[in-house]
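# Observations on chain architecture
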Amino acid sequence: MKKLSRREFIGQGARGLGAMLVLSQLPLGSMANGTIAYKHPVGFQTYPIRDLVAKDFAGTMKMMAGMGYQLVEMCYPVGYADAGFAPLVNVKPEDLRRIIYDAGLYCPSCHYGIRDLTDNLDKSIEYAHGLGLTQMVCPGLDVRENTVSAYKEAADKYNKIAEKIKSAGMVTALHNENKEFSMIEGQLIYDVIMSELDGNLVKMQFQTAVVNLGYQAITYFNKYPGRFISAHLSDWTADKKQVPIGQGVIDWKEFFAAAKTAGIKNFFVEMKLENYKDSATYIHGLLG
């Protein structure tokens, strides 16, 4: 992969700084690639398109904005270096932020591996401030064994991490993968985690792909009102084929209504590249 130079990233720095000044004066819903304003901004997660993000960060941000997106959720390059983000490791977060703004986007959230938070929390927080984040998200707890007590212990440790992140002015969130929607000692792991996490410190990011396991987001939005901050959106057919939002089995009108009860602030589409454009179009059509 070609590493992006500092010159490539900040060649349009003046425009990026100008965009930052404008964005600071406007409500979030006014950001839509400089032309169309949406009441409900829609975001995308960078992981599925990490190869494009790493090769041409600026170009990819503009491409996604052109598809109808206003928000981007990053992955921490240091922690995700082996997953494809290595070319971004040496790029300052402030420079990434300028490019994001220059594309007409805003980055409120970023994924961090659990080791980034347990072993290098200060460095991770510093990066988050440079990127202008309001949310730091982890995709899984540090669980040493597959027992209820181990999950509770890991959740308690995560509460302590969240205390430090809160004192740094940001919200901590926990993202679910499929494993949290399995049973252990007669209990659903997700419920075990929710019982131990402090809802005042840790919010949740719900991944809708667990519909393939028979679990619906609205069940947990209603069960745990106010405990969520964001969601990863994907849609699927009955035979588990990924399709654009609105073309699968999920009732999205019902989903977005329940999301208000859940407390969700941001929605990030996480799908194959070919499904991003139609997904944004559908969501904007549904929400306005």
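Given the structure is predicted, the values throughout are model-derived calculations rather than measurements.

Helix length check: helix H8 (residues 148-167), at 20 residues, gives a terminal C-alpha distance of 29 Å against a target of 28 Å (1.5 Å per residue), a fit within 8%. Directly after H8, the chain includes Gly 169, whose backbone phi takes a positive value near 90 degrees.

Our next topic: the side chain of Asp 142. Tracing the chain through its elements places Asp 142 in the loop between strand S4 (135-138) and H8. In this structure the side chain of Asp 142 is engaged in a polar contact, spanning 3.1 Å, whose partner is the side chain of Arg 115. Of the polar contacts made by the side chain of Asp 142, one reaches the side chain of Arg 144; its length is 2.9 Å. Contacts of Asp 142, omitting those with residues within four sequence positions, involve Ile 114, Arg 115 and Ala 154.

As a further point, take the packing of helix H4 (residues 57-66) against helix H5 (residues 93-102). At their nearest, the axes of H4 and H5 sit 9 Å apart, and the two run at 35 degrees to each other. As H4 packs across H5, the resulting crossing turns out to be right-handed. Residues Phe 57, Ala 58, Met 61 and Lys 62 of H4 pack against Leu 96, Ile 99, Ile 100 and Asp 102 of H5. Residues belonging to the contact of H4 with H5 are distributed by class as follows: six nonpolar, no polar and two charged.

Right, let's talk about the packing of aromatic side chains for a bit. Within this structure, the stated rule accounts for 25 aromatic pairs. For the pair Phe 181 and Tyr 215, a centre-to-centre distance of 5.0 Å together with 55 degrees between the ring planes defines the contact as tilted. Taken together, the positions of Phe 181 in the loop between strand S5 (171-175) and strand S6 (183-184) and Tyr 215 in the loop between strand S8 (202-207) and helix H10 (217-223) put the pair 34 residues apart, joining distant regions of the chain. Classification of Tyr 215 by relative accessible area gives partly exposed; the value is 21%. The structure contains a cluster of three or more aromatic residues connected by ring pairs, namely Phe 181, Tyr 190, Phe 206, Tyr 215, Tyr 220, Phe 221, Phe 228, Trp 252, Phe 255, Phe 256 and Phe 267. Arg 50 extends its terminal NZ or CZ atom over the ring of Tyr 47, reaching a point 4.0 Å from the ring centre.

What follows concerns the pattern of salt bridges. Under the counting rule described, the total for this entry stands at seven salt bridges. Of the charged contacts, one joins Asp 95 and Arg 98 as a salt bridge, the two residues approaching to 2.6 Å between their closest N and O atoms. Here Arg 98 and Asp 95 lie together in helix H5, a separation of three residues that amounts to about one turn. With a closest N to O distance of 2.9 Å, Lys 160 and Asp 156 form a salt bridge. Of this pair, Lys 160 and Asp 156 both sit in helix H8, separated by four residues, roughly a single helical turn. Judged by its relative accessible area of 45%, Lys 160 is partly exposed. On the basis of relative accessibility, which here comes to 32%, the residue Asp 156 falls in the partly exposed class. The network of salt bridges with shared partners includes Arg 115, Asp 142 and Arg 144.

The rules behind these values
- Residues numbered from 1 in each chain as written.
- Predicted model: local features only at pLDDT ≥ 70, side-chain atom pairs only at ≥ 80, totals over all residues.
- Heavy atoms only, no water.
- Helix = DSSP H or I, 4+ residues; strand = E, 2+ residues; numbered from the N terminus.
- Expected span 1.5 Å × (residues − 1).
- Polar contact = N/O pair within 3.5 Å; in protein donor to acceptor, adjacent residues only side chain to side chain.
- Contact = heavy atoms within 4.5 Å.
- Axes fitted to C-alpha atoms, helices over the stretch in contact; angles between N-to-C directions.
- Left-handed = near helix turned anticlockwise from the far one by under 90°.
- Nonpolar A, V, L, I, M, F, W, Y, C, P; charged D, E, K, R; others polar.
- Phe/Tyr/Trp six-rings, centres within 6.5 Å; stacked < 30°, edge-to-face > 60°.
- Buried < 20%, exposed > 50% of the residue type's maximum accessible area, 1.4 Å probe, protein only.
- Lys NZ or Arg CZ within 6 Å of the ring centre and 35° of its normal.
- Salt bridge = Lys/Arg side-chain N within 4 Å of Asp/Glu carboxyl O.

Purely spatial values, then, with no claim about function.
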